[in-house]
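Take a look at the letters that make up each chain.
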Amino acid sequence: MNLKALEKYKDYFKGKTYNVTTFGCQMNEHDSERISYLLEDLGYKHTDIREEADFILFNTCLVRENAELKLVGQISSLKKIKQAHPEKIIAVSGCMMQTSTAREMIEKNHKEVDIIFGTKNINSLQNLIFKYLETGERVVDVSTDLVKDDFVKYNSKNNFQAYVNIMRGCDNFCSYCIVPQARGREESRRPSNIIEEVEYLVANGYKEITLLGQNVNSYGNKSDFNVTFPQLLDKIASIDGLERLRFTTSHPKDLSKDLIKVMKNHDNICKYFHLPLQSGSDKVLKDMNRRYTQKDYIEKVKMLREEIPEIAISTDIIVGFPTETEEDFLETLNVCRKVGFDYAFTFIYSPRPKTKAYKLATIDKDIVQDRFQRLLDELYPTFYEKNKAYIGTRHKVLLESVSKNDPDVLTGRTDTNKLVHVKASKSLVGKIVEVDIKENTSFTITGDLVKIY
Ligand code: SAH
Ligand code: SF4
Ligand code: F3S
């Protein structure tokens, strides 16, 4: 940080507030946690009310078009606020700012935006703010300043759960996906730095750590250290006092027996696997450049279930990829039926400029909408049945927050990532408890508190 500038603007930040709106995935959430830390380090205090904040930031995503449209709508609503209060600072960051088209659109159409930065220069944020205060002119900087192994500071979402980045970028170039453009080439963080960070968190009372990467299974592939993801996971799970370890996301093509073995060997590795399928058709999978077949996918699931019978499996599915025919779609339904997913994130294909699939003609909207509905009709009853199987069983649950709908109810997760509702005192947030499951819906399980750890 520029200490001279800090001295000069010390008083400026007193009593000032900030608000951050995050779009997109956990990577972006984690980046927002770093951004919040840097803003608080300057003296800003957080406010929930965006319109009242002195520093308003949007951390953007462009994985699907609707994420972009939402952002544009929300920034536009700030135009008036900026006109009435020109002293407020409006900033836009994140994946959208990494592509010139989206960045130029914001630069040109949104004069109310004062600071623009990307996914690779978050560490420079404080200096970018000083520069803006110094010149009063818009600052645009999407350079790269990240030190690969840095032990960055961030405000984790609470004091018992934290995200830890183990790698960034993606080299897979699935033909529909913009992430490799937005986040750059894959780079793995040094194991010793990751372990140091997790040890620090555990020593500070954190119970659950989620390791983040676009494709964690290829951790270490291009690095000078000889540590694979299963080896890293094994080391982290062995850290004394770590209660729960999660990771996301895994690409099916790289899911190995070694990984499953490590999961099986450690009680604190959550028995939950997010394994994006995208499509069940071999032809579409090939066109998507996913590099596995329906058979490979089903075999990996079988392997997971054979070794870890209680494991819960979730997935991502895209409907309406340009080359998807009715027969291809039926294959997707077929895999859903065979696997029986505990949960799925379902998306309608969205053409993204500069991806390989962008040039391909899209399918009629009504056909896609109809397939999407049929997919949900296939999935939801399975979610229900999977949750129903929990009735009459007892589970450890990490209580995360007070339910939005009922102040007497807390929500939490089993290690299989099931969303649990339980009547319990607010003071138990952050604690691991045992719950007897009594009821379920397709998306939640509900039960009685029986034991507090
Ligand atoms: N790296 C992760 C996914 C990141 S994006 C992985 O490979 O699993 C999260 C999900 O968004 C993807 O799994 C995919 O299902 C969906 N997605 C990505 N690009 C999309 C697009 N152009 N249209 C619709 N859905 C898309
Ligand atoms: Fe996108 Fe594929 Fe990389 Fe996931 S693995 S981020 S879907 S390119
Ligand atoms: Fe994530 Fe969206 Fe970027 S899904 S990596 S925030 S494009």
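These numbers come from a predicted model, not from an experiment.

The rules we used
Residues numbered from 1 in each chain as written. Chains lettered and ligands numbered in written order. Predicted model: local features only at pLDDT ≥ 70, side-chain atom pairs only at ≥ 80, totals over all residues. Heavy atoms only, no water. Patch = residues over 30% accessible without salt bridge, like charges linked within 9 Å, V, L, I, M, F, W, Y side chains within 5 Å. Areas by Shrake-Rupley, 256 points an atom, 1.4 Å probe, with all protein chains shown as cover. Salt bridge = Lys/Arg side-chain N within 4 Å of Asp/Glu carboxyl O. Lys, Arg positive; Asp, Glu negative; His and termini not counted. Charge placed at Lys NZ, Arg CZ, Asp CG, Glu CD. Helix = DSSP H or I, 4+ residues; strand = E, 2+ residues; numbered from the N terminus. 1 Å grid on protein atoms, 1.4 Å probe; cavity = no way out; pocket = protein on both sides within 12 Å on 5 of 7 lines; lining within 4 Å. Points joined across faces, edges and corners; volume = space filled by probe spheres on them. Nonpolar A, V, L, I, M, F, W, Y, C, P; charged D, E, K, R; others polar. Near = heavy atom within 4 Å. Buried < 20%, exposed > 50% of the residue type's maximum accessible area, 1.4 Å probe, protein only. Polar contact = N/O pair within 3.5 Å; in protein donor to acceptor, adjacent residues only side chain to side chain. Contact = heavy atoms within 4.5 Å. Axes fitted to C-alpha atoms, helices over the stretch in contact; angles between N-to-C directions. Parallel < 35°, antiparallel > 145°, perpendicular 65-115°, else oblique. Left-handed = near helix turned anticlockwise from the far one by under 90°. Phe/Tyr/Trp six-rings, centres within 6.5 Å; stacked < 30°, edge-to-face > 60°. Lys NZ or Arg CZ within 6 Å of the ring centre and 35° of its normal.

1. Some details on a positive patch on the surface
On the surface, Lys 79, Lys 108, Lys 111 and Arg 138 cluster together to form a positively charged patch. Its place among the elements puts Lys 79 in helix α4 (residues 79–84).

2. Describing the layout of surface pockets
Gaps between atoms show up when a probe of the same size as a water molecule is rolled over them. By volume, the second largest pocket is sized at about 580 Å³. If you go around the second largest pocket, you meet 24 residues; those closest to its centre are Glu 65, Tyr 349, Ser 350, Pro 351 and Arg 352. Secondary-structure elements contributing two or more residues to the lining of the second largest pocket are α3 (65–76), α5 (100–109) and α14 (365–388). Along the lines of polarity and charge, the residues of the lining of the second largest pocket split into 11 nonpolar, seven polar and six charged.

3. Regarding the site of ligand 2
Near ligand 2 you find Cys 170, Asn 172, Phe 173, Cys 174, Tyr 176, Cys 177, Val 179, Pro 180, Gln 214, His 251 and Arg 290, and these make up its full shell. Taken together, the residues of the shell around ligand 2 sort by class into seven nonpolar, three polar and one charged.

4. Regarding the side chain of Lys 207
In this fold, Lys 207 is placed in the loop between α8 (191–203) and β10 (208–212). Buried charge without a salt bridge: Lys 207, with Glu 243 as the nearest opposite-charge side chain at an N-O distance of 5.3 Å. A distance of 2.7 Å separates the side chain of Lys 207 from the backbone oxygen of Gly 430, its partner in a polar contact. Among all residues touching Lys 207, those that are not within four sequence positions of it are Phe 160, Leu 242, Glu 243, Arg 244, Leu 398, Gly 430, Lys 431 and Ile 432.

5. Overview of the packing of helix α10 (residues 257–265) against helix α12 (residues 294–307)
The contact between α10 and α12 brings their axes to 10 Å, and the two run at 25°. In terms of axis orientation, α10 runs roughly parallel to α12. Judged by the twist between their axes, the crossing of α10 over α12 is right-handed. Contacts between α10 and α12 involve Lys 257, Ile 260 and Lys 264 from the former and Met 303, Leu 304 and Glu 307 from the latter. By residue class, the composition of the contact of α10 with α12 is three nonpolar, no polar and three charged.

6. As for the site of ligand 1
Around ligand 1, the surrounding shell holds 15 residues, and the nearest of these are Arg 64, Gln 214, Gln 278, Asp 316 and Ser 350. With respect to ligand 1, the backbone of Tyr 176 contributes an N or O atom lying 3.0 Å from a nitrogen atom. Taking Ser 350, its main chain carries an N or O atom lying 2.8 Å from a nitrogen atom of ligand 1. Considering ligand 1 on its own, with 540 Å² of exposed area, one finds that the protein chains cover 91% of that surface. Class assignment for the residues of the shell around ligand 1 results in seven nonpolar, four polar and four charged.

7. Concerning the side chain of Thr 414
Secondary-structure assignment places Thr 414 in strand β16 (residues 409–414). Residue classification places Thr 414 among the buried residues on the basis of a relative accessible area of 0%. Of note is the side chain of Thr 414, whose polar atom sits 2.6 Å from the side chain of Thr 416.

8. A closer look at the packing of aromatic side chains
Evaluation of the coordinates by the stated rule reveals 18 aromatic pairs. When the centroid spacing of 6.1 Å and the interplanar angle of 70° are considered together, the rings of Phe 383 and Phe 443 count as edge-to-face. With Phe 383 in helix α14 and Phe 443 in the loop between β18 (432–440) and β19 (445–452), this pair connects stretches of sequence that are 60 residues apart. Overall, the relative accessible area of 1% leaves Phe 383 in the buried class. Three or more aromatic residues joined by ring pairs make a cluster, and in this case those are Tyr 9, Tyr 12, Phe 13, Tyr 44, Phe 55 and Phe 130. Across from the ring centre of Tyr 12, 4.4 Å away, lies the NZ or CZ of Lys 16, which sits over that ring. One Lys or Arg, Lys 396, reaches over the ring of Tyr 453 and ends 4.7 Å from the middle of that ring.

9. Focus on the pattern of salt bridges
Counted according to the given criterion, the structure contains 26 salt bridges. As a salt-bridge pair, Arg 189 and Glu 197 come within 2.7 Å of each other at their nearest N and O atoms. Owing to a relative accessible area of 6%, Arg 189 belongs among the buried residues under this scheme. Note that Lys 264 and Glu 307 form a salt bridge whose closest N and O atoms lie 2.9 Å from each other.

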